[in-house]
Amino acid sequence: MESEFYTLIQYLAMERYSQQMETACLSAIESQGSYPVFYLWKAISFLFQDRIPECIQELENVKEKKDVTLCAYLALRDAHKKARMVDNETISQIESNIKSVRQNCTDRSLYNAAMYLWLNGRHEKSREYVDRMLKLSPKSKDGTLLRGWIDLTSNKDAHVKKSIKYFEDVLTSGGDQYVGGSLGALIGKSRYLTLKSNFSNALDVISEAVVTFPKSTHALIEKVRLQIMLQEWENAMETCQRILTLEHDCIEAIHLRALHQLAIEGHHFTA
């Protein structure tokens, strides 16, 4: 279940759906228990929403938990820098704590830190952390998948080219116990093909994700975007309707349906 949680949080954060991130964390706490990782990412969702006092309070509660400590301190530093009254002494102390904890942290702590840094656009540092994580846990599918996403979203072509290997590695060796990560790998592979302007094959890959994960609105959103790129408007609207059946207030589906009304049908009042 943890891998499914990470795949969901990663997608929501990547798309900057911060309120949905918060909701996903609350749902995980309610259904799976009060694990520190859920509170960590709830705090980060507050940070993304600029709810700084709430973010700092949540991070203070989990910053000493071993599997989230490095990420918690990184986020705590960023939160204090965004605070209304910046306390440079506190930030200096947090910087010292970061230097201390990163010398001897767990593979999961490195993973959470790497994902947080990546979501904040710090690709080189996130790659460094996930590589350290993979040295500790070479068979980690979470780490392999994250490395793929870091490379895919890099602005260096050499890294982008390598990303597909990591997605393929997850898909060929994920197994039944890694269904959540497999969804992330399929979305990653589809986006790689989209980046290479191979839209038809990208649609085939994301269609596989939709079949395998029929209740995933995120796979369906990826599919409708590709259908629009291919100008398959009728199919795209059918996919939008399927999304809205699963999630009636899905902003992306509502937006894309309105786009169709304006651009194709010309129904300005309906849109």
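K.L.:
Residue-level account of the side chain of histidine 218, with values.
P.N.:
Here histidine 218 shows up in helix H13 (residues 217–229). Classification of histidine 218 by relative accessible area gives buried; the value is 13%.

K.L.:
Outline the side chain of histidine 123, supporting the account with residue identities and numerical values.
P.N.:
By secondary structure assignment, the location of histidine 123 is in helix H8 (residues 123–136). Engagement of the side chain of histidine 123 in a polar contact is seen with the side chain of threonine 153, the distance being 3.0 Å. Leaving out residues up to four positions away in the same chain, histidine 123 has contacts with Trp118, Ile150, Thr153 and Ser154.

K.L.:
Please give an account of helix H3 (residues 36–48) that cites residues and values.
P.N.:
Over its 13 residues, H3 runs 19 Å from end to end, which matches the ideal 18 Å to within 8%, given 1.5 Å per residue. Counting buried residues in H3 gives 11 out of 13 residues, a clear majority hidden from the surface. Within H3, the full set of buried residues consists of Val37, Phe38, Leu40, Trp41, Lys42, Ala43, Ile44, Ser45, Phe46, Leu47 and Phe48. Downstream of H3 by one or two residues, aspartate 50 has phi in the positive range, about 60 degrees.

K.L.:
Outline the packing of helix H4 (residues 52–62) against helix H5 (residues 69–82), supporting the account with residue identities and numerical values.
P.N.:
Two elements in contact, H4 and H5, have axes whose closest approach is 10 Å; the angle formed by their N-to-C orientations is 155 degrees. For the element pair H4 / H5, the angle class is roughly antiparallel. In terms of crossing hand, the pair formed by H4 and H5 is left-handed. Residues Ile52, Cys55, Ile56, Leu59, Glu60 and Val62 of H4 touch H5, and the partners they reach there are Ala72, Ala75, Leu76, Ala79, His80 and Lys82. Looking at the contact of H4 with H5 residue by residue, the classes come out as 9 nonpolar, 1 polar and 2 charged.

K.L.:
Before we move on, could you go through the nonpolar core and cite the residues and values that matter?
P.N.:
A general tendency of soluble globular proteins is for nonpolar side chains to be buried together. Counting 91 residues, the largest nonpolar core has Phe5, Trp41, Ile44, Leu70 and Met115 as the members making the most contacts within it. Aside from chain neighbours lying at most four places away, what touches methionine 115 is Tyr6, Ile9, Gln10, Trp41 and Leu146.

K.L.:
How would you explain unusual backbone geometry if you had to name every residue and give the values?
P.N.:
Located in the positive-phi region is aspartate 50, a residue other than glycine, with phi close to 60 degrees. Along the polypeptide, aspartate 50 turns up in the loop between H3 and H4. A positive phi angle is found at glutamine 231, which is not glycine, with a value near 60 degrees. With respect to the helices and strands, glutamine 231 occurs in the loop between H13 and helix H14 (233–246). Overall, glutamine 231 belongs to the exposed group, its relative accessible area being 63%.

K.L.:
Describe helix H10 (residues 157–173), listing the residues and the values that go with them.
P.N.:
Compared with the 24 Å implied by 1.5 Å per residue over 17 residues, the 26 Å span of H10 between its first and last C-alpha is a close match. Along H10, the positions that sit buried rather than exposed are His159, Val160, Ser163, Ile164, Tyr166, Phe167 and Val170. Buried residues of H10, viewed axially, fall in a sector of 165 degrees; they line one side. In this structure, H10 carries Ala158, Lys161 and Thr172 as exposed residues pointing more than 90 degrees from its buried face.

Criteria and thresholds
- Residues numbered from 1 in each chain as written.
- Predicted model: local features only at pLDDT ≥ 70, side-chain atom pairs only at ≥ 80, totals over all residues.
- Heavy atoms only, no water.
- Helix = DSSP H or I, 4+ residues; strand = E, 2+ residues; numbered from the N terminus.
- Buried < 20%, exposed > 50% of the residue type's maximum accessible area, 1.4 Å probe, protein only.
- Polar contact = N/O pair within 3.5 Å; in protein donor to acceptor, adjacent residues only side chain to side chain.
- Contact = heavy atoms within 4.5 Å.
- Expected span 1.5 Å × (residues − 1).
- Axes fitted to C-alpha atoms, helices over the stretch in contact; angles between N-to-C directions.
- Parallel < 35°, antiparallel > 145°, perpendicular 65-115°, else oblique.
- Left-handed = near helix turned anticlockwise from the far one by under 90°.
- Nonpolar A, V, L, I, M, F, W, Y, C, P; charged D, E, K, R; others polar.
- Core = buried A, V, L, I, M, F, W, Y, C linked by side-chain atoms within 4.5 Å.
- Arc of directions from axis to C-beta.

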